[in-house]
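Remarks on the overall topology
Listed below are the residues making up each chain.
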Amino acid sequence: MHGNTMDFDQVLEEIGEFGRYQKTNYLLICLPVMFAAANSLSYVFTAGTPAYRCLVPVCDDGVQQPELYPEWLKNATPGDTDSNGVFTPKSCYRYSVNTNYTENIPPGQCPSELFAENITERCYSWVYDTEEKTIVQEWELTCKENSWKLAFVGTMHFAGLVVGTAFSGYMADRFGRKIIFIICIIFMAVTGVAQGLAWDYHSFLIFAFLNAVGTSGVYPLAFIIGVEMVGPRRREMSSIVLNYFYAVGEALVGLAAWLLHDWQLLQYALSVPPLFFIAYYWLVPESVRWLIARNKRESAGKIIRRAAEVNRKELSMDLLENFKSTKGEEDSEDSKDSLKEDKSEIWMAVKEVFRSKTLMVRYVIMLYVWAINAVVFYGLSLNSTNLSGNKYLNFALVCLIEIPGYTLAWISLRKLGRRISLSGSLFLCAATCVAGGYVTKGSNWVVVSLFLIGKLGITSSFAVIYAYTAEMMPTVIRSGGVGVMSTFARFGAMLAPFVPLLGDYYAPLPLLSFGASSLTAGLLALFLPETFQKKLPDTVAEAKQLGKSTPQPANDSFTSNDNNEEPNMSTASFERSPTLDVESKH
């Protein structure tokens with residue numbers, strides 16, 4: 001042990017908070033995030049419902065490629081005509097043929113007299129939109145009796161996110177950010193390809209679940225790695241820009257689906273490229289903060305020296321002393337003991353958190369805010385399909401509106417701090433959702449504008465919540481803690497598809513519910529401590545001191561603490577994981 005050490009934020013001051021080394025690695029970790037975003041939303045189009053109608057044998061037989069909407073269709077099928085005179089047929093019913101009709105049918109015509117309009121019959125063959133191929137055509141998942149199967153693909157996706165998010169966070173705290181990050185990417189790619197190769201609906205469901213398990217770990221771990229490699233003044237930037245890549249990845253799904261028109265080709269296009277990220281095993285370094293917290297100081301020192309060399313910085317002798325190898329660091333027996341100690345340290349920190357009323361109140365509030373963010377974010381996203389126009393372009397635009405949302409978060413984080421940024425974003429979403437609930441009969445551009453501003457507000461809130469959560473978590477459980485919060489949010493997201501059903505009782509109720517829940521979350525967030533430009537807590541004790549008028553002195557020594565006890569390396573001040581501002585998301 002060395003008596004004169006400094007925390008990792010001080011190390012970054014010597015090597016540069018965001019030099020060439022960090023910029024290169026940051027760009028590398030951003031690229032898989034785009035594909036993670038794309039994989040997380042691919043089911044919107046692979047399991048989407050294309051336009052289709054009943055096959056009418058008496059009219060369609062003998063036609064090589066029947067039209068989807070021929071002029072005679074309203075004569076043959078029941079349906080609805082809107083105010084613009086556009087006829088939409090019932091997808092699974094047609095009129096019975098009038099057996100008394102004896103005249104010859106002219107080519108390309110089917111007169112109304114040919115059908116008995118007062119008698120409908122179920123059809124079991126369909127004519128599909130040739131511009132879009134999904135699993136609906138592949139396995140004939142048509143009509144109301146199969147609609148739940150398409151929705152269940154989304155349910156399985158969120159179930160996979162729940163399992164994967166918590167699991168990947170815990171594994172990253174135990175075995176390292178880098179290796180789990182790469183495993184998640186490759187697993188996502190392999191299971192994504194397997195979805196395209198699925199031989200039936202059930203195999204597709206299984207691979208969709210597994211794909212979500214892998215996808216769920218990519219963004220959070222990229223976020224953790226990204227913020228752990230930069231200094232305090234660059235944390236907001238590192239987390240917010242990561243979200244730009246995520247939004248672009250989401251938008252690319254819509255554009256790729258628009259270009260390819262085939263669910264299998266779309267699945268391959270989004271899943272094959274990530275296989276090449278296996279090269280990150282040799283290109284991307286492990287988190288220095290994690291290495292130091294695990295007492296792997298020699299490995300951390302190699303990365304620090306490389307970063308200083310690339311950034312053209314000189315390291316002080318005092319700093320280099322801190323990264324000298326301790327005896328037996330690489331010894332296999334010691335490594336086994338270290339793993340056991342790591343597990344013990346994590347659970348000790350968790351127990352300390354549960355014993356602290358202050359931290360429990362904070363984390364319960366955060367859980368609620370996370371859940372509301374997920375319900376509103378995904379609820380608004382689901383409603384985006386109601387916007388008029390090209391659905392692929394609309395989808396891309398709704399995703400890209402997140403970029404201004406992230407920019408708003410970035411600016412407010414730097415100017416207003418974490419607490420006001422979070423509450424303000426939620427209040428903005430609440431106001432526009434409530435307004436949107438009562439402007440259902442207004443001009444289309446007004447409705448769309450309110451919708452997009454609401455999505456912008458909740459996007460900003462989602463970005464802030466990641467940063468805020470990470471800055472309130474002690475180092476040893478930071479990755480796992482963010483994972484738990486994100487997992488809880490996924491449970492909230494599962495409720496999102498059911499919220500629109502409230503409109504059956506009162507039309508504005510879904511948006512009013514989004515507004516009311518956002519308002520309560522914003523008010524509760526005001527009770528959280530401010531963490532802007534504060535030292536990241538390495539220990540549970542430091543986490544409790546956040547927001548206190550007389551904060552506890554930083555524990556910047558490896559040698560001793562106030563009780564003269566041997567310090568816990570997993571909570572040493574070296575591994576203070578920076579701020580987080582992200583989704584995943586998504």
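Definitions and cut-offs
Note on numbering: residues in each chain are counted from 1, in written sequence order. Residue-level local features of this predicted model are given only where pLDDT is at least 70; pairs of side-chain atoms are given and counted only at 80 or more, and the full residue set underlies all totals for whole chains, interfaces and linings. The side-chain figures draw on all heavy atoms in the structure; neither hydrogens nor water molecules are used. UniProt positions are given in the numbering used here, feature names are shortened, and annotations may be inferred rather than shown by experiment. Strands are runs of DSSP state E lasting at least 2 residues, helices are runs of H or I lasting at least 4, and numbering of each runs from the N terminus. We call a residue buried when its accessible area falls under 20% of the maximum for its residue type, exposed when it is over 50%, and partly exposed in between, using a 1.4 Å probe and counting protein chains only. Only the protein chains shown count as cover for residues, and the accessible areas themselves come from Shrake-Rupley with a 1.4 Å probe. Working definition of a nonpolar core: buried Ala, Val, Leu, Ile, Met, Phe, Trp, Tyr and Cys residues. They are joined through side-chain atoms within 4.5 Å. Should a side-chain nitrogen of Lys or Arg be within 4 Å of a carboxyl oxygen of Asp or Glu, the pair is scored as a salt bridge. A helix is expected to span 1.5 Å multiplied by its residue count minus one. Throughout this description, a polar contact denotes any pair of N or O atoms lying within 3.5 Å of each other; where both atoms belong to protein, one of them has to be capable of donating a hydrogen while the other can accept it, and for residues adjacent in sequence the pair is counted only when both atoms sit in side chains. Confidence of the predictor in every single residue is expressed as pLDDT, which spans 0 to 100. A contact between two residues is defined here by any heavy atoms of the two lying within 4.5 Å. Computed over the protein atoms alone on a 1 Å grid, cavities are sets of points where a 1.4 Å probe fits but cannot get out and pockets are open sets with protein on both sides within 12 Å along at least five of seven lines; a residue lines them when it has an atom within 4 Å of a point. Grid points are joined across faces, edges and corners, and a volume is the space filled by probe spheres set on the points. Gly counts as polar in this scheme, as do all residues outside two lists: the nonpolar Ala, Val, Leu, Ile, Met, Phe, Trp, Tyr, Cys and Pro, and the charged Asp, Glu, Lys and Arg.

An unreviewed UniProt entry lists the chain under the name Major facilitator superfamily (MFS) profile domain-containing protein, with Stomoxys calcitrans as the source organism. Turning to the chain, the UniProt annotation filed under Subcellular location (unreviewed entry) states: "Membrane".

Let's talk about the overall build of the chain
When you go through the chain residue by residue, the secondary structure sums to 23 helices and 6 strands. Across the 586 residues of the chain, 56% fall into the buried class. In the structure as shown, the chain presents an accessible area of about 25,700 Å², 60% of it carried by carbon and sulfur atoms.

Notes on the nonpolar core
Grouped together as the largest cluster of nonpolar side chains are 111 residues, with contacts concentrated most on Ile135 and Phe181. Considering every element that reaches this core, the biggest residue donor is helix H17 (residues 357-383), with 13 residues. Counting 16 residues, the second largest nonpolar core, distinct from the first, contains Val11, Trp290, Ile304 and Val310.

A short note on the pattern of salt bridges
Within this structure, the stated rule accounts for 8 salt bridges. Across the pair Arg94 and Glu121 runs a salt bridge, and its minimum N-O distance is 3.0 Å. On the criterion of sequence distance, the pair formed by Arg94 in strand S4 (residues 93-97) and Glu121 in strand S5 (residues 115-122) is long-range, its members being 27 residues apart. One salt bridge connects Glu471 with Arg418, and the closest N-O pair in it is separated by 2.8 Å. Residue Glu471 is found in helix H20 (residues 444-472), and its partner Arg418 is found in helix H19 (residues 402-438); the two are separated by 53 residues along the sequence. Under the relative-accessibility criterion, Glu471 is labelled buried at 3%.

Points about helix H9 (residues 201-228)
If you check H9, its first and last C-alpha atoms are 41 Å apart, about what 28 residues at 1.5 Å a residue would give, namely 40 Å. Buried residues dominate H9, accounting for 24 of its 28 residues. For H9, the side-chain oxygen to backbone nitrogen distance between the N-cap and His202 is 3.3 Å, and the N-cap itself is Asp200.

Focus: the confidence of the model for the chain
Overall, the predicted model of the chain reaches an average pLDDT of 79, with 82% of residues at or above 70. For the chain, per-element mean pLDDT is lowest for helix H16 (residues 332-355), which scores 67, and highest for helix H11 (residues 263-271), which scores 94. Every residue in residues 1-6 is under pLDDT 50, and counting partners more than four places away or in other chains gives 25 contacts. Below pLDDT 50 for its whole length, residues 328-332 participates in 10 contacts with residues either more than four positions away or in separate chains.

Remarks on the environment of Val190
Mapped onto the elements of the fold, Val190 is located in helix H8 (residues 177-196). Between the alpha carbons of Val190 and Phe207 there is a distance of 9.4 Å; along the sequence they are 17 residues apart.

Considering empty space enclosed by the protein
Looking at the largest cavity, its volume works out to about 160 Å³. In this structure, the largest cavity is lined by 16 residues; those nearest its centre are Tyr21, Met229, Glu286, Val288 and Ile303. Counting residues per element, the ones that place at least two in the lining of the largest cavity are helix H1 (8-15), helix H2 (20-41), H9 and helix H14 (297-311). Its residues placed into classes, the lining of the largest cavity shows 11 nonpolar, 3 polar and 2 charged.

A word on unusual backbone geometry
The backbone phi angle of Glu140 is positive, close to 50°, even though this residue is not glycine. Mapped onto the elements, Glu140 comes out in the loop between helix H6 (135-139) and helix H7 (144-175). A positive phi angle is found at His261, which is not glycine, with a value near 60°. Checked against the element boundaries, His261 lands in the loop between helix H10 (235-260) and H11. Since its relative accessible area comes to 25%, His261 is described here as partly exposed.

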